[in-house]
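This is what each chain is made of:
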Amino acid sequence: MSHVQRRSLSPQPVRGEVARGRLLRTDAQVLLLTAPSGYGKTVLSAQLARQTLNVPIWIRVTRDAAEPDVLADLITQALQAAGYVTPEHEAARTIQSGPSALTAALVADLTSVPDDVLLILDNAEHLSVSSAALLSSILEQLPPWHRALVNTTPDSHLSLVKLVASGQAHELDADALRFNLQETQVFLENLGESDAAEAQILHQQTDGWPAALALATTRGRIEDSAAMVEHLLGRMSPALRELVVRAAVEPLWDAHTPGLVDLPPRPDWLREVTRAGLPVTQEGAALRPHALVTDALSGVLARDHALSAAQHRAAARRGAAAGNWYRALHHALIAQDYLYARHVVSTHLLSTWTRHSNWALLIQTLERFPREQLSPDLLAFLGLAYGENGQSALAREVFTAQLSAGQETAVTFLGLMFAAYRAQDLPTMKSMTERGLQRAWIPYERSQLLRGLATYHLSINQWTQATAVARQAVAVAQSAGDHALVISARTVEFWGLAFQTATIQDAVTLGTELLHDAIALGFINKGLIIVDALLDAMIDSGRVAETARVVALAQPHAAAYAFIHTRFLNTLGDLAMMRGDPTSAVEMYQRSVLENYTMEDRAWVPKVSRLYLAAIAAGRAHDIDDQLDEALATESNSSMHRHWLANAQMARHLIRNEPDAALALANEYRSRRPADSPPMNWDYLLQDYLRIEAMRALKRDVAGDLRALLDDRIPMGVATILRLVPPQLWGAATEGIRLDIHRDVFTHMTRRAAPDRAAPQVTVQTLGRWAVTVDDVPVKLPHLAVELLVYLSLHGPTTIEKLGATLAPTSRDARARMHRAKADIQRLSGHALIDTDAVTQGGLYRLSNQIHLRLDALEVLQATDAESALALMRGAFLPGASDECWVGEIRERLAVRVAGLYTVHAQQVRRAGSAEALAWFWRAAALTPWDAAVWTAILTLGQALGMAADVADAQTALQELESGLLPTALLRERPA
């Protein structure tokens, strides 16, 4: 097949189409179009498909592509339609491989394609978290001779942040896709309307929105899209109008559509639709109506309730016959055919959601049902999903309503069991599990409840009972032939091994196997649930060097699962402390605590203890005192978490020179320990060490206690875990080294600061002045060198050519100037702060991964509260640099970002009735004087407070803005 013949079918040019080649000029391998419906994403994609020298492969993403297997099938079907073979994917499908294997197979098939292809994925907003992850992996590994274009909406699950940051992808958002005035004029000229004044009016009314322009041109003015469609329908014959309205239930219109909607054949109906001016795109011999048109037609159809219900019911059955269960569900819900909709969910979708823990998709789908139309089982699954997604209040609401109505199911008690475990309410956890098992008959319910019961026994150190119940859970899962349930059940077996010193090595082996199997088979959540315990077991057994591989395997997936992510962040905090980086540890712990706190999960309490220890090491203990006090005040004295809190209290007493109080606390909690507690329990180990530290501070003999510290414990595991102790409390370790007691352990524990010294700590100040320090030593760099560091910090790896054009646009040899700036940085700082890849994409500059760089402007952009932003905003960004270059863009980004934080804070303070709000609004106005909303807020609040000067200034500013001028009134100085 020739190169030309291979070009796959893509939409034909639309009425009045405007060539927009300016948007397609990019060297990036992947082009991402992100905008709501109606911004011309598909039209622009089709233009590129017609212009490209590559072979375009058009892939229309459908609702059922929420499943990774379906997305993979769509990609391979498009390749096969263009005449290419996909043997690797066919083999992967035969063995039902997971996402990793699917990615490898698809990349292998793409690598073997002899031509340069352009993959075009239209409507990628239909992807779920798991299928979006599959597409991201494929694009990250896309062979360099291929290109890709992806269309999606802003609320989609697809994230190509890494590709955009590396320059491999370029993103166009809604602002970039709007027509400019010239394009609006061309569009109207293409339709035979050349009135410049009318073009100006239409452009202002539509704000450059292509779909609105397409609808507006039929009447010469902008109206609601539904009214526009109504107008076009009025120009059709009654028979054609009825056909078009009924066809709203079909995504693609062709010669067979009349028969599908119970009307006689009408051979020329597609041509009549096109002539009527309805916005559609051509796809081979068929037409695809614009989403806005479909919505408007659906509204017209809905006026005849009986007809609408009949058409949507029929469309639901057609979707089911084609195996498109999401389409079938969509139409069944519109038809209010809830019986059939429940059947589709229960029979075809629910098992997939639970096996992959796709809780967000489950919630999104079941919330489309009226609550009263959900069966007790489905309602219980909705409550379970709320809980697993971190929406504890909604979960409680569902389960409380079920219990009150006497409609509880086994899944109700499963959800309540999980909630009790997260709250560490073990008696309730046991009760809910036992009540659930009385109602559980299907394998999923019974296996998960047995797994919960085994976890309960583990929590109270009943190893034998836990093992026996875990084996029951595995047997139930195996009898059902469900790999996901088997992996889930075996996680309890792993935890049982990990809690006992004699079997920790076996736990690492089993845990690693389960993690790899889960990810390979696509049951990612089932593997991630043990990641924190697996990393702990590796640390316990002295195999900390192996943790990096597990972290790398889990990190790309953890953020998709709320409770897993917060535990993973906690583990990253542990690892940061163990490698001697308390600053990063504090950040990880704080994020983990905040996520738990937001989800009303009491697991935040023990994390505050680790956070406090890290804060001592980082010199920030005073920042965490309030959080520790809150945890102590709110946690029951009998709680399991109290042992961790005792560690933080002991550490606080010690750094405050109160060793008597620390020792008393240590002895109290030591007496509370269960006799059969696991020897490698971290909080007990830390308690033992801190007790020795208190004794040493009181000048008592500690030799015997230092020797006993390792009783029944793994030496190198102890050495690593004790790195959680801040350096300020290493006195006992130093004493052990002096007395030659466990010298290797304590030497290893206290050697951790070396990595910090090895990695240069670079600080770049750009706000108010130019300043660079390396390891706290000021370094005088030329301005171009500073700009290079800052640009790479903000934009990530960048080609030398782009850097030259951006940072030295007037230079006759910009490339040489970039090399010189890099050389200046190394010569004057004494460190290679920038790495160069002279091969990839013509040569990339990137910040070295061997340095730690802090940039004040980046911290401002990442700030989430007004107070932090105010503390960082010490002046203009790179003062003295021209606004005409890239610096002006960053200044505007900073101004808009910080003004937004100030405004939100002002509104919060204002609700509390504080006059302080006015000061924050003035700060926002100083940064964004063009924002009329801020001036209006100042005016309203000034009037309420009787502040005449503020009211006058705000009125003047608003008048100037209405005249198209920036306010010229003198802004007040920034409030203190």
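Residue numbers restart at each chain and count upward from 1, following the sequence in its written direction. Given that this is a predicted model, residues contribute local features only at a pLDDT of at least 70 and side-chain atom pairs are listed and counted only at 80 or more, while totals for whole chains, interfaces and linings are drawn from all residues. Note: side-chain values were computed over all heavy atoms of the structure, leaving out hydrogens and water.

Taking an unreviewed UniProt entry as the reference, the chain is identified by name as AAA family ATPase belonging to Deinococcus xianganensis.

Participant: Help me understand the pattern of salt bridges, please; the structure alone is not making it clear to me.
Facilitator: Pairs can form between side chains of opposite charge once their charged atoms are near each other. Whenever a carboxyl oxygen of Asp or Glu lies within 4 Å of a side-chain nitrogen of Lys or Arg, that contact is scored as a salt bridge. Following the criterion strictly, the structure yields 33 salt bridges and no others. With its nearest N and O atoms 2.9 Å apart, the salt bridge here joins Glu859 to Arg854. Of the residues examined, Glu859 reaches a relative accessible area of 23% and is grouped as partly exposed. For Arg854, a relative accessible area of 44% corresponds to the partly exposed category. One continuous salt-bridge network, built from bridges that share partners, spans Asp625, Asp629, Arg652 and Arg656. In this scheme, a residue with accessible area under 20% of its type's maximum is buried, one over 50% is exposed, and one in between is partly exposed, where area comes from a 1.4 Å probe on protein chains only.

Participant: I'm lost on the domain arrangement of the chain in this one. Help?
Facilitator: Accessible area lost upon the coming together of the parts serves often as the stated size of an interface. Domain limits in this description derive from either an automatic procedure or a database domain assignment. By the assigned domains, the chain splits into domain 1 (21-177), domain 2 (192-334), domain 3 (562-750), domain 4 (761-862) and domain 5 (888-963). The centre of domain 1, based on its C-alpha atoms, is set 48 Å off from the matching centre of domain 3.

Participant: Sorry, what's going on with the nonpolar core here?
Facilitator: One recurring pattern in soluble globular proteins is that nonpolar side chains are buried together. Ranked by internal contacts, the top residues of the largest apolar core, which has 164 residues, are Phe369, Phe494, Tyr689 and Leu722. Per the convention used, a helix needs a DSSP run of H or I reaching at least four residues, while a strand needs a run of E reaching at least two, with both numbered from the N terminus. Among the elements that take part in this core, helix α33 (residues 604-617) stands out by supplying 10 residues, more than any other. Shared between two domains, this core holds at least three residues of each, these being domain 2 (192-334) and domain 3 (562-750). We call two residues in contact whenever any of their non-hydrogen atoms come within 4.5 Å of each other. Those residues within four positions of Phe369 in sequence are excluded, and the remaining contacts are Leu329, Leu333, Tyr338, Ala341, Arg342, Val345 and Leu374. Ala785, Val790, Ala814 and Phe877 belong to the second largest nonpolar core, which has 72 residues in total. What we call a nonpolar core is a set of buried Ala, Val, Leu, Ile, Met, Phe, Trp, Tyr and Cys residues that are connected through their side-chain atoms within 4.5 Å.

Participant: Explanation requested: a nonpolar patch on the surface in the structure shown.
Facilitator: Nonpolar side chains collect at one region of the surface, where Val896, Trp930 and Leu966 lie side by side and expose about 300 Å² of accessible area between them. Here Val896 shows up in helix α48 (residues 886-911). The residues that make up patches have over 30% relative accessible area and no salt bridge, and they are joined within 9 Å when like-charged or within 5 Å when they are Val, Leu, Ile, Met, Phe, Trp or Tyr. Using a 1.4 Å probe, the Shrake-Rupley method yields the accessible areas, and only the shown protein chains count as cover for residues.

Participant: Would you explain the sheet that holds strand β14 (residues 852-855) in this entry?
Facilitator: Strand-to-strand pairing in sheets goes through backbone hydrogen bonds, with the strands running parallel or antiparallel. DSSP-based pairing: two strands are paired if at least 2 bridges between them are found. The strand order across the open sheet built from 4 strands is β10-β9-β8-β14, with neighbouring strands paired in mixed fashion. Taken across any chain shown, the strands that pair with only one partner, and hence form the sheet edges, are β10 (777-779) and β14. Direction aside, neighbouring strands of the sheet carry axes that sit 25 degrees apart on average. Note: strand β8 (residues 761-765) against β14, 4 bridges, orientation parallel. Across the sheet, residue Gln761 finds its bridge partner in β14, namely His852. Note on geometry: axes are lines fitted to C-alpha atoms, helical ones only across the stretch in contact, with angles between N-to-C directions running from 0 to 180 degrees.

Participant: I would appreciate a short explanation of the environment of Ile564 in the present structure.
Facilitator: Mapped onto the elements, Ile564 comes out in helix α31 (residues 562-578). Through-space distance from the C-alpha of Ile564 to that of Asp532 is 8.6 Å; in sequence the pair is 32 residues apart. Not counting residues within four places of it along the chain, the set of residues in contact with Ile564 comprises Asn525, Leu528 and Ile529.

Participant: So what exactly am I meant to see when it comes to the pairing of β8 here?
Facilitator: Side-chain direction in a regular strand flips from residue to residue, so the side chains alternate between the two faces of the sheet. With 4 bridges connecting them, β8 and strand β9 (residues 771-774) associate as antiparallel partners. What sits directly across from Val762, in β9, is Val774.

Participant: So what exactly am I meant to see when it comes to the confidence of the model for the chain here?
Facilitator: Should the pLDDT be low somewhere, the predicted coordinates at that spot are not to be read in detail. Every residue gets a pLDDT, meaning the predictor's confidence in that residue, from 0 to 100. Overall, the predicted model of the chain reaches an average pLDDT of 84, with 92% of residues at or above 70. Note that residues 753-757 has pLDDT below 50 and, in this model, 5 contacts with residues that lie over four places away or in other chains. Within the model, the stretch residues 972-976 combines pLDDT values under 50 with 11 contacts to residues more than four positions away or in other chains.

Participant: Any chance you could explain the sheet that holds strand β5 (residues 169-173) here in plain terms?
Facilitator: Within the open sheet, the 5 strands sit side by side as β2-β3-β4-β1-β5. Their pairing is parallel. The open sheet has two free edges, formed respectively by β2 (55-60) and β5, since each of these has just one partner strand. Strand-to-strand twist in this sheet, taken as the mean axis angle between neighbours without regard to direction, amounts to 15 degrees. In terms of strand pairing, strand β1 (residues 30-34) meets strand β4 (residues 147-152) through 5 bridges, oriented parallel.

Participant: Where do I start with the packing of α31 against helix α32 (residues 582-598) in this structure?
Facilitator: Packed helices, taken two at a time, are described by the angle between their axes plus the distance between the axes. Between α31 and α32, whose axes approach to 8 Å, the crossing angle comes to 160 degrees. Judged on the interaxial angle alone, α32 and α31 are roughly antiparallel. Both α31 and α32 take part in a crossing whose hand is left-handed. Between α31 and α32, the contacting residues are Ala562, His565, Thr566, Leu569, Asn570, Leu572, Gly573, Asp574, Ala576 and Met577 on the first element and Pro582, Ser584, Ala585, Met588, Tyr589, Arg591, Ser592, Glu595 and Asn596 on the second. Just so you know how the angles are binned, under 35 degrees is roughly parallel, over 145 roughly antiparallel, 65 to 115 roughly perpendicular, and the rest oblique. Each crossing is labelled by how the near helix is turned from the far one, with a counterclockwise turn of less than a right angle marking it left-handed and a clockwise turn marking it right-handed.

Participant: Honestly, the side chain of Lys607 in this entry has me stumped. Any pointers?
Facilitator: Here Lys607 shows up in helix α33. Among the residues examined, Lys607 registers a relative accessible area of 6% and is labelled buried. Setting aside residues no more than four positions away along its own chain, Lys607 makes contact with Thr566, Arg567, Asn570, Ser592, Val593 and Asn596.

Participant: What am I meant to see in helix α49 (residues 916-927) here?
Facilitator: Along an α-helix, residues three or four positions apart point the same way, because every turn accommodates 3.6 residues. What a helix is expected to span follows from its residue count: subtract one and scale by 1.5 Å. Taking 1.5 Å per residue as the helical rise, α49 with its 12 residues ought to reach 16 Å, and the 18 Å between its terminal C-alpha atoms agrees with that figure. A large share of α49 lies buried, amounting to 9 of its 12 residues. Here α49 has its buried residues at Ala917, Leu918, Trp920, Phe921, Trp922, Arg923, Ala924, Ala925 and Leu927.

Participant: How should the pairing of β9 be read in this particular structure?
Facilitator: Linkage of β8 to β9, two consecutive antiparallel strands, is achieved through a turn of 5 residues, within which Gly768 is found at a positive phi near 90 degrees. The pairing of β9 with β10 spans 3 bridges and is classified as antiparallel. Bridged to Thr773 within β10 is Pro778. What sits between β9 and β10 in their antiparallel hairpin is a turn of 2 residues, with Asp775 showing a positive phi close to 55 degrees.

Participant: Just to check I follow, could you spell out the packing of aromatic side chains for this structure?
Facilitator: The geometry of two aromatic rings is summed up by the distance between their centres and the angle between their planes. Aromatic rings from Phe, Tyr and Trp, taking only the six-membered ring of Trp, are treated as a pair when their centres fall within 6.5 Å; an angle between ring planes under 30 degrees marks them as stacked, one over 60 as edge-to-face, and anything in between as tilted. In the structure shown here, the tally under the stated rule is 7 aromatic pairs. Arranged with centres 6.3 Å apart and planes meeting at 40 degrees, the rings of Tyr338 and Phe369 form a pair that is tilted. With a gap of 31 residues between them, Tyr338 in helix α18 (residues 338-355) and Phe369 in the loop between α19 (359-366) and α20 (376-388) connect regions that are remote in the sequence. Seen in terms of ring centroids, Trp922 and Trp935 are 5.6 Å apart; in terms of plane orientation they differ by 90 degrees. Their pairing is edge-to-face.

Participant: Looking at this structure, how should I read α32?
Facilitator: Look at α32: 24 Å from first C-alpha to last across 17 residues, which is about the 24 Å you get at 1.5 Å a residue. When α32 is considered as a whole, its buried residues turn out to be Pro582, Ser584, Ala585, Val586, Met588, Tyr589, Ser592, Val593 and Asn596. Just beyond α32, the residue with positive phi is Glu600, at close to 60 degrees.

Participant: Just checking my understanding: could you explain unusual backbone geometry for this structure?
Facilitator: Excluding glycine, residues mostly carry a negative phi; peptide bonds, for their part, are mostly trans. Non-glycine residue Asn657 carries a positive phi angle of around 60 degrees. With a phi close to 60 degrees, Asp712 is a non-glycine residue in the positive phi region. By the secondary structure assignment, Asp712 is in the loop between α38 (703-708) and α39 (715-721).

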